[in-house]
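# Structural overview
What follows is each chain in one-letter form.
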Amino acid sequence: MSKKVVTLGEIMLRLSTPDFKRFVQADTFDITYGGGEANVAAALCNYGLEGTFVTKVPDNPIGQSAINHIRRYGVDTQFIARGGDRLGIYFLETGASMRASQVVYDRAGASIADVDASEFDFDKIFENAVWFHTTGITPALSDKAAALTEAALKAAKAKGITTSIDLNYRKKLWSKEKAREVMTRLCQYVDVCIGNEEDADTTLGFKAGDTDVTKGELNLDGFKDVFHQMKEKFGFKFIASSLRESHSASDNGWSALVYDGTDFYHTKQYNVRIVDRVGSGDSFASGLIYGLVTGMPMGEAAEFGVAASALKHTIPGDMNHATLKEVKDLMKGDGSGRVQR
Amino acid sequence: MKIIAFGEVLMRLSPPGHTRFGQATSFDLFFAGAEYNTSISLSRMGMPVGFVTRLPDNDLGMAAIEQLNRYSVDTKNIVSGGHRMGIYFLEQGAIARGSKVIYDREHSSLADIAPGSLNWKSILKDSSWFHCTGITPALSKAAAEETLIAVKSAFEAGLTVSIDLNFRSKLWQYGCKPSEIMPEIFKYCHVVLGDKDTVHTYFNIAAEKTEAEASYLEVMTKLKEAFPQLTDIIFSYRNIISANHNAIGAYYLKNNKIIKSKEFDLDGIVDRLGGGDAMMAGIIYGITHFSSDAQKSINFALAAAALKSTIPGDTNFVSAQEVLSMLSGNTTGRIDR
């Protein structure tokens with residue numbers, strides 16, 4: 001039987017302008033649905049694991065369409081609660097070259113923000129599961145959503161399930177102070193922590209050396225310093241971060257660093273030309289989780305994660321539809337992009 | 001003869017064609033809203049119009065303003081603030097499958113307005129007509145208060161004030177009933193577009209007579225008695241034969257006389273939304289252009305609404321000339337070369 005991974009979080013309606021149009025030019029929006037944890041569940045199903053996604057959506061055709069979207073990719077949606085007022089929306093204008101992508105969030109009052117842990121039977125949800133994953137976005141939605149995240153992490157730990165969190169700080173959703181208070185509390189239940197230097201600083205208060213994200217340059221020593229501090233404080237089993245060097249909105253360097261408390265491993269770096277970068281962090285998280293769940297050593301799992309997310313950059317939408325074989329081929333060095341016949 | 005309209009701009013998101021929500025991979029984007037539609041329709045008919053609302057300070061709010069600019073509606077009194085633009089999702093029905101609307105407009109920028117924050121004296125300067133609807137007071141207590149301030153300012157400044165009663169049962173979620181809010185606002189209105197059921201809900205005025213036409217006349221007469229400042233009362237009706245086949249008509253009370261409009265049979269409706277808003281624009285145009293001919297005035301309004309049903313989106317992009325041409329009997333739909 002394939003291994004079961006549970007993720008919990010928000011799924012949103014994503015409305016994006018077609019063909020690099022600006023918002024003011026658009027007459028149509030392309031529809032897709034996504035959210036960090038839903039993207040991870042879908043990617044894991046895609047690699048052959050069992051992905052279960054837990055959320056709450058409104059009981060209307062928009063909520064149903066979100067469920068249908070992830071069900072299409074084989075995600076188990078049976079534990080999704082229905083109710084509340086609305087599905088969160090985010091509007092995306094895709095940038096190109098030196099014009100950055102723009103996101104307008106319209107997610108206040110979403111069903112998942114108005115949620116109670118009693119709407120979910122975690123005993124049943126975690127039955128036979130080996131891994132639980134969530135992100136720092138979910139607790140940022142509301143106090144109720146933070147309470148739900150904590151309840152889920154506790155329930156997973158009580159069953160001996162490995163837990164992971166992607167820190168994913170969203171400054172439009174909460175303040176640094178609030179994020180630190182809540183995330184510090186949640187991280188005591190976490191085994192695998194994913195987050196870049198900026199997230200570590202904003203959500204957990206770990207200061208790095210001298211990295212400036214706007215300059216797009218990497219400072220590995222700064223990361224190592226932060227990872228070490230995180231390990232000391234929370235005792236995480238693994239700490240990982242994807243590393244993006246922004247050459248422009250279209251061209252990035254992409255690699256990852258992972259740490260198990262003893263060794264650091266820096267993966268190979270890919271030069272990615274971006275079709276759609278939204279969801280690339282989730283594709284790294286899902287690749288890393290896949291590697292660790294299936295017993296790969298830390299370095300190999302990180303290589304799998306970074307190769308998976310390098311491929312995600314070429315795929316429109318939030319989710320990674322790269323196949324297991326494609327990821328493995330890329331890991332082995334076939335980055336030619338030649339037509340596969 | 002400048003008109004000022006006040007209300008909410010909504011983003012309308014529709015699955016293309018007649019696809020259902022569950023099938024859609026894209027949404028067609030329209031901007032909409034009753035007063036917005038009426039404003040653009042009036043501008044298209046050649047009347048100077050200013051639109052007043054509150055929009056979020058983001059690219060979507062800007063897109064709405066640019067759309068109004070595109071149709072020559074004056075946007076200089078639109079204020080910026082709040083968190084979001086109201087949205088409604090619309091699935092177009094066909095034959096026996098009715099259209100479906102999902103509102104997602106809570107806490108829109110206009111609903112969260114601080115009452116008294118708009119400077120109506122300056123906004124209404126040099127205008128002679130003010131228009132609003134019963135939708136804005138349904139959004140929130142604050143929006144209801146701002147509507148009252150607006151109609152009162154307009155009334156006292158000597159403008160003609162029109163209102164489309166537009167009852168929306170899914171709104172009115174803020175703890176007040178329409179009957180507690182609407183009578184006060186209505187005291188400052190001269191021209192009303194409504195119907196029997198809404199008048200009952202808002203003003204508790206109902207018919208004793210049961211026969212259709214007689215009951216219309218009865219309610220209209222009672223409404224005029226209760227609100228003697230009213231000058232023009234229009235009650236419209238819509239007979240639904242199927243989702244894309246309706247018939248529309250109206251009764252018109254003016255100078256103590258009630259007349260009936262020409263009835264239009266709409267077979268093959270392209271987009272049913274915004275018909276009432278188009279009629280409202282036609283009413284304002286009719287009253288201001290054919291004041292001596294009440295029959296022409298009401299027929300013009302109905303013809304405008306009939307043409308709207310042939311146009312996708314919520315807004316009536318027709319010229320006064322096209323409406324007049326249809327009124328003069330050109331309903332064949334032959335290509336105009």
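For clarity, every value in this text was computed on a predicted model and none was experimentally measured. (Residues numbered from 1 in each chain as written. Chains lettered and ligands numbered in written order. Predicted model: local features only at pLDDT ≥ 70, side-chain atom pairs only at ≥ 80, totals over all residues.)

So, about the overall build of chain A. Within chain A, the secondary structure is distributed over 11 helices and 15 strands. Expected size for 341 residues packed as a compact globule is a radius of gyration near 20 Å; at 19 Å, chain A falls within 12% of this value. Each of the three principal axes of chain A carries a C-alpha extent, and together these read 50 × 45 × 45 Å. Taking all 341 residues of chain A together, the buried fraction comes to 52%. Intrachain contacts of chain A at a sequence separation of at least 6 include 69% that bridge at least 24 residues. (Helix = DSSP H or I, 4+ residues; strand = E, 2+ residues; numbered from the N terminus. Rg over C-alpha atoms; globule rule 2.2 N^0.38 Å. Buried ≥ 20, exposed ≤ 12 C-beta atoms within 10 Å, placed from the backbone. Contact = placed C-beta atoms within 7 Å.)

Take the overall build of chain B next. A count of helices and strands for chain B gives 11 helices and 15 strands. Since a compact globule built from 337 residues should have a radius of gyration of about 20 Å, the 19 Å found for chain B is in line with a globular shape. In chain B, buried positions account for 50% of the 337 residues. Here the analysis covers contacts within chain B between residues at least 6 apart in sequence; of these, 68% occur between residues at least 24 apart.

What follows concerns the nonpolar core. Core analysis: the largest hydrophobic core is formed by 211 residues, its most contacted members being Leu44 and Cys193 of chain A together with Phe130 and Ala304 of chain B. With 10 residues, the top contributor of residues to this core is helix α10 (residues 294-308) of chain B. Contacts of Cys193 of chain A, omitting those with residues within four sequence positions, involve Ile165, Leu167, Cys187, Met230, Phe236 and Ile239 of chain A. (Core = buried A, V, L, I, M, F, W, Y, C linked by C-beta atoms within 7 Å.)

Moving on to the interface of chain A and chain B. The partner chain B presents 22 residues to the 24 residues of chain A that form the contact. If one sorts the elements of the side of chain A that touches chain B by residue count, helix α2 (residues 61-71) of chain A sits on top with 5 residues. Each residue belonging to the side of chain A that touches chain B can be placed in one class, and the counts come to 11 nonpolar, 7 polar and 6 charged. One ladder, built from 3 bridges, connects strand β3 (residues 28-34) of chain A with strand β3 (residues 26-32) of chain B; its direction is antiparallel. Paired with Phe29 of chain A across the two strands is Phe27 of chain B, which belongs to β3 of chain B. (Nonpolar A, V, L, I, M, F, W, Y, C, P; charged D, E, K, R; others polar. Pairing = 2+ DSSP bridges.)

This part covers the pairing of strand β2 (residues 10-14) of chain B. Residues and elements named next belong to chain B. The buried fraction of β2 is high, at 5 of 5 residues. On β2, burial covers both faces: Leu10, Arg12 and Ser14 on one face and Met11 and Leu13 on the other are all buried. Sheet topology note: the β2/strand β7 (residues 86-91) ladder contains 4 bridges and is parallel. In the sheet register, Arg12 faces β7, and the bridge partner there is Tyr88.

Here we come to the pairing of strand β12 (residues 238-246) of chain A. Each regular strand shows side chains that alternate between the opposite faces of the sheet. All names here are of chain A. β12 sits mainly inside the fold: 7 of its 9 residues count as buried. Of the strand pairs in this sheet, strand β11 (residues 192-194) and β12 are connected by 3 bridges, and their pairing is parallel. Within the sheet, the bridge partner assigned to Cys193 lies in β12 and is Ile239. As judged from the 8 bridges shared by β12 and strand β13 (residues 251-259), these two strands associate in the antiparallel manner. Note that in β13 the partner of Glu245 across the bridge is Gly253. Adjacent in sequence and paired antiparallel, β12 and β13 are bridged by 4 residues.

By the element assignment, Phe23 of chain A lies in the loop between β2 (12-16) and β3. In this structure Phe23 of chain A comes out as buried when scored by C-beta crowding, with 21 C-beta atoms within 10 Å. Contacts of Phe23 of chain A, omitting those with residues within four sequence positions, involve Thr17, Phe91 and Glu93 of chain A together with Asp59, Leu60 and Ala63 of chain B.

Angle between the axes and distance between the axes: these two values describe a pair of packed helices. Residues and elements named next belong to chain B. The interhelical angle for the contact between helix α9 (residues 275-289) and α10, taken along N-to-C directions, is 150°, at an axis separation of 7 Å. Regarding the angle of α9 to α10, the classification is roughly antiparallel. The element α9 and its partner α10 pack so that their crossing is right-handed. Across the interface between the two elements, Gly275, Ala278, Met279, Ala281, Gly282, Ile283, Tyr285, Gly286 and Ile287 from α9 touch Ser297, Ile298, Phe300, Ala301, Leu302, Ala304, Ala305 and Lys308 from α10. (Axes fitted to C-alpha atoms, helices over the stretch in contact; angles between N-to-C directions. Parallel < 35°, antiparallel > 145°, perpendicular 65-115°, else oblique. Left-handed = near helix turned anticlockwise from the far one by under 90°.)

Attention now goes to the sheet that holds β2 of chain A. Backbone hydrogen bonds hold the strands of a sheet together, and the pairing may be parallel or antiparallel. Ordered by their spatial adjacency, 8 strands build an open sheet running β8(A)-β7(A)-β2(A)-β3(A)-β3(B)-β2(B)-β7(B)-β8(B), and the pairing between neighbours is mixed. Every other strand in the sheet has two partners, leaving β8 (102-106) of chain A together with β8 (100-104) of chain B as the edge strands with one partner each. Each strand of the sheet is rotated relative to its neighbour by a mean of 30°, with strand direction disregarded. For β2 of chain A and β3 of chain A, the ladder comprises 5 bridges, and the chain directions are antiparallel. Each bridged residue has a counterpart across the sheet, and for Ser16 of chain A the counterpart in β3 of chain A is Asp30 of chain A.

Turning our attention to unusual backbone geometry. Not every positive phi belongs to a glycine, and Phe20 of chain A is a case in point at roughly 60°. Mapped onto the elements, Phe20 of chain A comes out in the loop between β2 and β3. One non-glycine residue with positive phi stands out, namely Asn204 of chain B, at about 55°. Mapped onto the secondary structure, Asn204 of chain B falls in the loop between α7 (196-203) and α8 (212-226). For Asn204 of chain B, a count of 10 C-beta atoms within 10 Å puts it in the exposed group.

So, to be careful, I would describe these as geometric facts and stop short of saying anything about function.
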